[in-house]
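Breakdown of the fold
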Amino acid sequence: MSGALQSPAALPMSAALRSFAAQWQTRSPDSLAAVRERAMQRFLELGLPTIRDETWRYTNLRSLAAQSFVDAPRKPRSGIEPNPAPSLLGESGRAAPLLMVNGYPSLPAAGGAIEGMEIHSLRELARVDPNALLRFLEPLSDADQKRWGLLNTALFVDGLYLKITGRVALPLVIQHVATGDGADNIAYPRIIIEAAPGSSATIVEHHVAQGEHTPLSNSNTQIALRRDARLEHYRVYATDAGATHIDSLDIRQDQGSECKQFTIVLGGGLVRTALEARLGEPGASLDSYSLLVGHEARHVDCVNIVTHGAPETRSTQTARAIASDASRVIFNSKVIVEAGAVHAQSQQSCRGLLLSPTAEIDTRPQLEIHADEVKCAHGATTGRLDPDMLFYMLSRGLDRDTAQSLLVYAFLADVLTGMSVASARAAIESALIAQLPDSQTLRKFR
Amino acid sequence: MLKITDLSARVAGKDILKGVNLEVRAGEVHAIMGPNGSGKSTLAQVLAGREDYQVTGGSVTFDGHDLLALPPEERARAGLFLGFQYPVEIPGVNNVYLLKAALNAKRKSAGEPEVDAYEFLSLIRQKMKLMQMSESFLTRGVNEGFSGGEKKRNEVLQMLVLEPKLAILDETDSGLDIDALKVVSAGVNSLRHPERAVVLVTHYQRLLDYIVPDQVHVLSGGRIMKSGDSSLAQELERRGYDWVMESQVA
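Residues numbered from 1 in each chain as written. Chains lettered and ligands numbered in written order. Predicted model: local features only at pLDDT ≥ 70, side-chain atom pairs only at ≥ 80, totals over all residues.

**Re the overall build of chain A**
A tally of regular secondary structure across chain A gives 10 helices and 22 strands. Summarising its shape, the C-alpha atoms of chain A cover approximately 70 × 50 × 50 Å along the three principal directions. Taking all 446 residues of chain A together, the buried fraction comes to 50%. Sequence-distant contacts in chain A: of pairs separated by 6 or more residues, those separated by 24 or more amount to 84%. (Helix = DSSP H or I, 4+ residues; strand = E, 2+ residues; numbered from the N terminus. Buried ≥ 20, exposed ≤ 12 C-beta atoms within 10 Å, placed from the backbone. Contact = placed C-beta atoms within 7 Å.)

See below:
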């Protein structure tokens, strides 16, 4: 693309930064070029976040910074296997999933539609109606939790814009397939969801990997809920142990809108998820659920920042973290109640369960309140399986593995029971159980 | 069936049991009574295999096998059941799941096939009726939100489903009103059988009006101080535990 990009002279660019700048040079200018260039410039100036940045304290990207990256292919040489992972809609899933390969949607040029929803390609939208898109790309932010979002804005080539116009009866599954042709690939999936006033839908983003090489995925999803709109949104990570995933989710809610959000980490090697929500008008409400499963050497870093920007807004955050083997799970959540957001209500509940002496869980619920008459509660506990519960079950003759698995499963129940898509819940339970000890026994009890 | 010889145990660095001797034969009902802190519950927990309770001496055989060598789950499968004084709540684990898992664990170790779903349900319904429990208890989490009395009924329900050879009921009567006490007692009595035995750990004589024991023992200071037939319980009720202590000293 155009633009002579400059890096601050004092700081030598890391290999990763140099490779991102090189990717930028390969992009053809489009109608978003001005904002993209500013995003790229800002990103190069600020650099990759480090452990000195507030929301990155627990995740060190030093080794990632030393690597060079190239764009993941638009289509893998081998083609996409028809069903690369169990569908979250089960075998009898009625709506065909939308496929996105390395961020490129498989859509007819004119886009698609299902009852109550328009589906557009971002590339096409940038061509025909750039203003519709630009309002989602700006303002740019310097915040460290948005750093990778700047890079996504600069470099995404295509993506999906979903406009929910009515009541969508069936859950829509977007299957993100990450598949590389080398170890150094990166993808920039981008999704924008806008729910018109009074509309409702359920959208599941399911991240899976295929093939030998899984690209680093720098994904970004934005959700805007207009007045009284309702959305249930899932992001599920089921990639392989070698995968690195950096995902940002941004939610804006208008008056009376309701959002239920599930972040489910069941895969990947390094998974970083950020959720930023702004309840900008009275009556907006958000229920966020996080189910973070650390397995083997997985590193999961989950950051939630929820801002109450108007009176009578309500939010809950329910996080359940499990760490086994040598895994590490981090859950940071912050609730900000701005001045004037009177009668805001928020609740943060975070519980961690350690299943091995080499695993680690860090939780940090925070509250920042600038208004009077608010009701905010938070709690965080981390521990091992309750010995009294375990003894009780053993004393009834259950073997130790079964008893432990049942207790682990019970620990997650608060998140699982919140899911209203029965088929997605069943599929998530199956995948989850596979990562627990004694999975065969547990299956019988579902 | 159960033979306890000179059993000593320590909890959190403190010696609680200091040489308990007791023999329970098939078909018998024994009551272990005693003042608070005498070691009654510790004895029950040690027999069930609680791991943080340290056995420091003595032996226990169950049907001739070394009970103390078995982990808790194998003691259960061998036919030992502990009714807890304070049954723990396990939210998220379905009550009926636990019952079924427990029953199947026992059947598996006996070389029997898993219980058929229909057969299981009719068995549960029948036992719940006896315990006067509503079926809604089945789908709730184990003891979750149960009142004290409901928890105790649930313990007895589990016992009736598992049909243990030896049931140790730790203060199953405490916190029960008179109606609940009758229901729980009927449940326990329904299990009486020439090949089974029951050990009732209790603080009060009241339970023994409904479940008449063959032998009554007074546990105090970590030892059995006195044993007798059911009339001992009535005497204790009349004269208090101090009487036993004093008569020992004398």
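**Some thoughts on the packing of helix α3 (residues 95-109) of chain B against helix α6 (residues 148-162) of chain B**
Residues and elements named next belong to chain B. Where α3 contacts α6, the axes come no closer than 10 Å and their chain directions differ by 30°. Classified by chirality, the crossing of α6 by α3 is right-handed. Along the contact surface, α3 presents Leu99, Ala102, Leu103 and Lys106, while α6 presents Gln158, Val161 and Leu162. Partitioning the contact of α3 with α6 into residue classes produces five nonpolar, one polar and one charged. (Axes fitted to C-alpha atoms, helices over the stretch in contact; angles between N-to-C directions. Left-handed = near helix turned anticlockwise from the far one by under 90°. Nonpolar A, V, L, I, M, F, W, Y, C, P; charged D, E, K, R; others polar.)

**Details of the domain arrangement of chain A**
All names here are of chain A. Each assigned domain of chain A is listed with its residue range as follows: domain 1 (15-279) and domain 2 (386-446). Each partner contributes residues to the interface: domain 1 has 15 residues there, and domain 2 has 11 residues. Counting residues per element, the ones that place at least two in the side of domain 1 that touches domain 2 are β10 (200-209), β12 (230-238) and β14 (258-265). For the side of domain 1 that touches domain 2, the element with the highest residue contribution is β12, accounting for four residues. (Domains from an automatic or database assignment.)

**Brief notes about the pairing of β14(A)**
Residue and element names in this part refer to chain A. Counting buried positions along β14 yields six of eight residues, so the element is predominantly enclosed. When β12 meets β14, the two strands line up parallel, connected through eight bridges. Each residue of the ladder has a partner; that of valine 236, found in β14, is isoleucine 264. Of the strand pairs in this sheet, β14 and strand β16 (residues 285-294) are connected by eight bridges, and their pairing is parallel. Directly across from glutamate 258, in β16, lies its bridge partner serine 285. (Pairing = 2+ DSSP bridges.)

**A closer look at the interface of chain B and chain A**
Accessible area lost when the parts come together is the quantity often used to give the size of an interface. Contacts between the two partners involve 20 residues from chain B, matched on the other side by 20 residues from chain A. Sorting the residues of the side of chain B that touches chain A by element identifies α2 (72-77), β7 (90-94) and α3 of chain B as the ones contributing at least two each. A per-element tally of the side of chain B that touches chain A places α3(B) first, with six residues. Partitioning the side of chain B that touches chain A into residue classes produces 14 nonpolar, two polar and four charged.

**Details of the sheet that holds strand β6 (residues 80-83) of chain B**
Residues and elements named next belong to chain B. Here six strands make up an open sheet; going across it, the order is β6-β9-β10-β3-β11-β12 and the pairing mixed. The open sheet terminates on both sides in strands that have one partner only, identified here as β6 and β12 (223-228). Direction aside, neighbouring strands of the sheet carry axes that sit 20° apart on average. Two elements, strand β3 (residues 29-33) and strand β10 (residues 197-202), share five bridges in a ladder whose sense is parallel.

**Regarding the pairing of strand β4 (residues 53-62) of chain B**
All names here are of chain B. Here strand β1 (residues 2-11) runs beside β4; their pairing, made up of eight bridges, is antiparallel. Directly across from alanine 9, in β4, lies its bridge partner valine 55. As judged from the two bridges shared by β4 and strand β5 (residues 65-66), these two strands associate in the antiparallel manner. Across the sheet, residue threonine 61 finds its bridge partner in β5, namely aspartate 66.

**Looking at the sheet that holds β10(A)**
Residue and element names in this part refer to chain A. One open sheet holds the 10 strands; their spatial order is β3-β2-β7-β10-β12-β14-β16-β18-β20-β22, and the pairing between them is mixed. On the outer flanks of this sheet lie β3 (104-105) and β22 (375-383), each paired with one strand and no other. The sheet contact formed by β10 and β12 spans nine bridges and is parallel. Counterpart to valine 208 in the pairing with β12 is alanine 238. Seen against the sheet, helix α8 (residues 400-416) touches β16, β18 (314-323) and β20 (345-354) and runs at an angle of roughly 160° to β18. Contacts between helix α9 (residues 422-433) and the sheet are confined to β10, β12, β14 and β16, with β12 contributing the most and set at about 25° to the helix.

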